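This is what each chain is made of:
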Amino acid sequence: MEARYHCPQCGADHVVGEAEEKTLLDCSRCGYIGLLPTDWTREGRVERCPICGCTDLYRQKDFNHRVAIAVLIGGALLAIPTKYVSLVLAVALDLVLYLTAREVLTCYTCRTQLRGHRSSEEHGRFSPRVDERVRKEQGRAGRL
């Protein structure tokens, strides 16, 4: 499983392959070293965020929006010479790319993204209510 996260100390972006095998986080930019919990996964299913420990995670498509926009722009540029067939094909291609994209789990608290996990309906789609609750909890914890 791959984890994309921000260093808790300096915010630098990092990618860790085979994250379930790791026990330490280290940042080459600031020298931060942190321990990863050993119980954040169970049988390939993610129980909580390995970086911050938050149990609030959401599923989303691992869909590259820049590629989708580039395909649409290409279809639009060729629309008049192709009598708009290219635009219809571009939309169809984007739809196929979206429907075949795998899912990624994202932590509400630290925005860590986890790829390669066993899919599960346990974690729902993004919820503004959960996001607001988590942000309020963070605010309260920051004031203590």
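Since the model is a prediction, treat every value here as computed from it, not as a measurement. (Residues numbered from 1 in each chain as written. Predicted model: local features only at pLDDT ≥ 70, side-chain atom pairs only at ≥ 80, totals over all residues. Heavy atoms only, no water.)

Asker: Would you mind showing me how to read the overall build of the chain here?
Answerer: Looking only at helices and strands, one finds three helices and nine strands in the chain. For the chain, the N- to C-terminal ordering of α and β elements is β-β-β-β-β-β-β-α-α-β-β-α. Here the C-alpha atoms of the chain give a radius of gyration of 19 Å, more than 25% beyond the 15 Å that 2.2 N^0.38 yields for 144 residues. Within the chain, buried positions represent 31% of all 144 residues. Split by element, the accessible area of the chain, about 9,600 Å² in all, is 55% carbon and sulfur. For the chain, the distance from the average position of its 21 positive side-chain charges to the average position of its 18 negative side-chain charges is 6 Å. (Helix = DSSP H or I, 4+ residues; strand = E, 2+ residues; numbered from the N terminus. Rg over C-alpha atoms; globule rule 2.2 N^0.38 Å. Buried < 20%, exposed > 50% of the residue type's maximum accessible area, 1.4 Å probe, protein only. Areas by Shrake-Rupley, 256 points an atom, 1.4 Å probe, with all protein chains shown as cover. Lys, Arg positive; Asp, Glu negative; His and termini not counted. Charge placed at Lys NZ, Arg CZ, Asp CG, Glu CD.)

Asker: Explanation requested: the nonpolar core in the structure shown.
Answerer: One broad trend across soluble globular proteins is that nonpolar side chains are buried collectively. Counting 16 residues, the largest nonpolar core has Trp40, Val46, Ile51, Leu57 and Leu114 as the members making the most contacts within it. Mapped by element, the contributors of at least two residues to this core are β1 (2-6) and β8 (103-107). Setting aside residues up to four positions removed in sequence, Ile51 forms contacts with Tyr5, Pro8, Leu25, Leu36, Cys110 and Thr112. (Core = buried A, V, L, I, M, F, W, Y, C linked by side-chain atoms within 4.5 Å. Contact = heavy atoms within 4.5 Å.)

Asker: Help me understand the layout of surface pockets, please; the structure alone is not making it clear to me.
Answerer: Regions of empty space are outlined by a rolling probe, equal in size to a water molecule, passed over the atoms. In this structure, the largest pocket occupies an estimated 160 Å³ of space. Along the walls of the largest pocket sit Asp62, Arg102, Glu103, Arg115, Gly116, His117 and Ser119, which together make up its complete lining. Counted by class, the lining of the largest pocket contains no nonpolar, three polar and four charged residues. (1 Å grid on protein atoms, 1.4 Å probe; cavity = no way out; pocket = protein on both sides within 12 Å on 5 of 7 lines; lining within 4 Å. Points joined across faces, edges and corners; volume = space filled by probe spheres on them. Nonpolar A, V, L, I, M, F, W, Y, C, P; charged D, E, K, R; others polar.)

Asker: Even after reading the chapter, I still don't get the side chain of Thr112, so can you show me in this structure?
Answerer: Counting through the fold element by element, Thr112 comes out in the loop between β8 and β9 (113-115). Filtering out sequence-adjacent residues up to four positions away, Thr112 remains in contact with Arg4, Tyr5, Cys49, Ile51, Leu105, Thr106 and Cys107.

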